[in-house]
Amino acid sequence: MTTSKATFSEHLQFKLHDVKLKAMGYGLKLMKIRHTHVLTGPEAIAELANKVAQSDLKKVLIVTTPGAVKRGYCDTLSSALSARGLASVVYSEVIPDPTFTTVKAGLAVLKEHNCDCAIALGGGSVMDAAKAMIVAATNEQPVESLMGMRKGKNVPLPFYAIPTTSGTGSEVTNAAVISEDITHIKRFMIDSRTVAKVAVLDPSLTASLPAGITAETGMDAMTHALEAYISKLSNPESDALAIEAIQGIFTHLPICFADGNNLQARQAMAEASLTAGMAFRKVMLGYVHAISHQFGAVYGTSHGLGNAILLPLVIEYSKDTVTEKLATLAIKTGLGNASNTQEQLAQSVVNKLKDLNQQLNIPTKLAGLKEADIPKIALSSYAEALKIHAAPKYMGKADIEALIKKLL
Ligand code: NAD
């Protein structure tokens, strides 16, 4: 059992957070989230174009990256749109962990061409940038001021998503993560109106992902599912979604890693990522995200990699608080059976995560981590966890520092 080193005043803050969480939990439960129509199969992009045309929209902003343009994905989409009489304009400069500058540049293109909707064609970075653009398009205020809980008064422009990574589930989440330009601190826009109306899950678009990004993004989806599963706000619905996603990732992520062209496994990972997004969007996340976001800001660590490295350590720390749940998960995913003790079963989940990371070549140490930075990183992780997360077992600053030191 890992005993927390939290101070008396930190314990008071935890109690306060528990009260806040209760209120937030009610709010989230009541929050209406639109159903995303999911299109799959070789005709999915054509069907998406039909749906956009049927919605009486005229001009689409395609938000994407230079890579998607180079690989021809963007042309396929533009052609499908134009075959249905829809005009489109491309903004292809989205960078990983998009900044406010990225959002503003895309917004300027959207406004210049009077676009009346947006399609994101890319990973979480593209989808999040596009989400911020569609909210900023209808709300005449600085993009920065739209961060936080549903800050835009006016309804955003219609939004559609074609994810090209299988990790964030951003197509179905109510969140968009935008980084500050200079500090790279991540800011969060929470708005259920940014959930995509339609999402295309086409495995041929993720086949080009290199093995390393496949692994990191896949473990991001795993983190969403696991942090949702052990969240203080979890409920039977989020648990069922989380277990479904975890099972899918256990089975299919190693296959995608070994053979990126296995389209059946790619499709299963796309579905697992979306399911994990649905699992967490109403129950929040935990310390893996709270700490990983700081690694991104300080060292530029990719979101998926930071999550993957931290996940086994945070689950191990939390294990004694959620033993029963982890034991259930172990049985449901075939890691053990009723002849094992609850503790053995819970430990089998941690062991499985460590094995999976090893199989995926995820390092056990964080490259570039400096001991002198740890107190500062721990402080901001601590603050983030008490702002937007619902972890089952609290960590004081000293606990977070001790955990991060394991990555040196
Ligand atoms: P990403 O979108 O940053 O993409 C990672 C890299 O892969 C980029 O270089 C990209 O160009 C490349 N890439 C994307 N698709 C490719 C393909 N098919 N073939 C080859 N290369 C490809 O990575 P991500 O993990 O999908 O998204 C990370 C971002 O999403 C972070 O900013 C994170 O904070 C955010 N995020 C958002 C949510 C949410 O709910 N909104 C959830 C989790 C993470």
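Each remark here, short or long, concerns the structure printed above.
Residues numbered from 1 in each chain as written. Predicted model: local features only at pLDDT ≥ 70, side-chain atom pairs only at ≥ 80, totals over all residues. Heavy atoms only, no water.

Q: Mind showing me how you'd approach the pattern of salt bridges here?
A: Side-chain pairs of opposite charge can arise whenever the charged atoms involved come near each other. Under the counting rule described, the total for this entry stands at 11 salt bridges. A salt bridge links K186 to D97, with the shortest nitrogen-to-oxygen separation between them at 3.2 Å. With K186 in strand β8 (residues 186-190) and D97 in the loop between β3 (87-91) and α5 (100-112), the pair connects residues that are 89 residues apart, well separated along the chain. When the shortest N-O distance is used, the salt bridge between K325 and D239 registers 2.8 Å. (Salt bridge = Lys/Arg side-chain N within 4 Å of Asp/Glu carboxyl O. Helix = DSSP H or I, 4+ residues; strand = E, 2+ residues; numbered from the N terminus.)

Q: What exactly am I supposed to notice about the side chain of S318 here?
A: Here S318 is to be found in helix α12 (residues 303-318). Residue classification places S318 among the buried positions, given a relative accessible area of 3%. Apart from the residues within four sequence positions on either side, S318 is in contact with I230, P392 and K393. (Buried < 20%, exposed > 50% of the residue type's maximum accessible area, 1.4 Å probe, protein only. Contact = heavy atoms within 4.5 Å.)

Q: For this particular structure, what's the right way to read the sheet that holds strand β2 (residues 59-63)?
A: Paired through backbone hydrogen bonds, the strands of a sheet run either parallel or antiparallel to each other. Read from one edge to the other, the open sheet built from six strands follows the order β1-β9-β6-β4-β2-β3, with strand pairing classed as parallel. In this open sheet, the two strands that pair with only one neighbour each are β1 (37-40) and β3. Going across the sheet, the axis of each strand differs from the next one's by a mean of 20°, ignoring polarity. Where β2 and β3 come together, five bridges link them in parallel fashion. Among the inter-strand pairings, I62 is bridged to a residue of β3, identified as V90. (Pairing = 2+ DSSP bridges. Axes fitted to C-alpha atoms, helices over the stretch in contact; angles between N-to-C directions.)

Q: Is there a simple way to explain helix α13 (residues 323-332) in this structure?
A: In an α-helix, one full turn covers 3.6 residues, which means residues spaced three or four apart are oriented alike. If you check which residues of α13 are buried, you get T323, L326, A327, L329 and A330. One side of α13 holds all its buried residues, which, seen down the axis, span an arc of 160°. α13 presents E324 and K332 as exposed residues on the side facing more than 90 degrees away from its buried surface. At its buried positions, α13 is contacted by α8 (211-229), α9 (236-258), α12 and α14 (342-359). G334 occupies a position one or two residues after α13 and carries a positive phi of about 75°. (Arc of directions from axis to C-beta.)

Q: I would appreciate a short explanation of the site of the ligand in the present structure.
A: What surrounds the ligand is a group of 24 residues, the closest being D97, G124, S125, T165 and T173. Interatomic distance of 2.7 Å between a side-chain N/O atom of T165 and an oxygen atom of the ligand. Here K186 contributes a side-chain N or O atom positioned 2.9 Å from an oxygen atom of the ligand. Among the elements of the structure, α6 (124-138), β7 (175-179) and α8 are those that each provide at least two residues to the shell around the ligand. Here the residues of the shell around the ligand sort into seven nonpolar, 12 polar and five charged. (Near = heavy atom within 4 Å. Polar contact = N/O pair within 3.5 Å; in protein donor to acceptor, adjacent residues only side chain to side chain. Nonpolar A, V, L, I, M, F, W, Y, C, P; charged D, E, K, R; others polar.)

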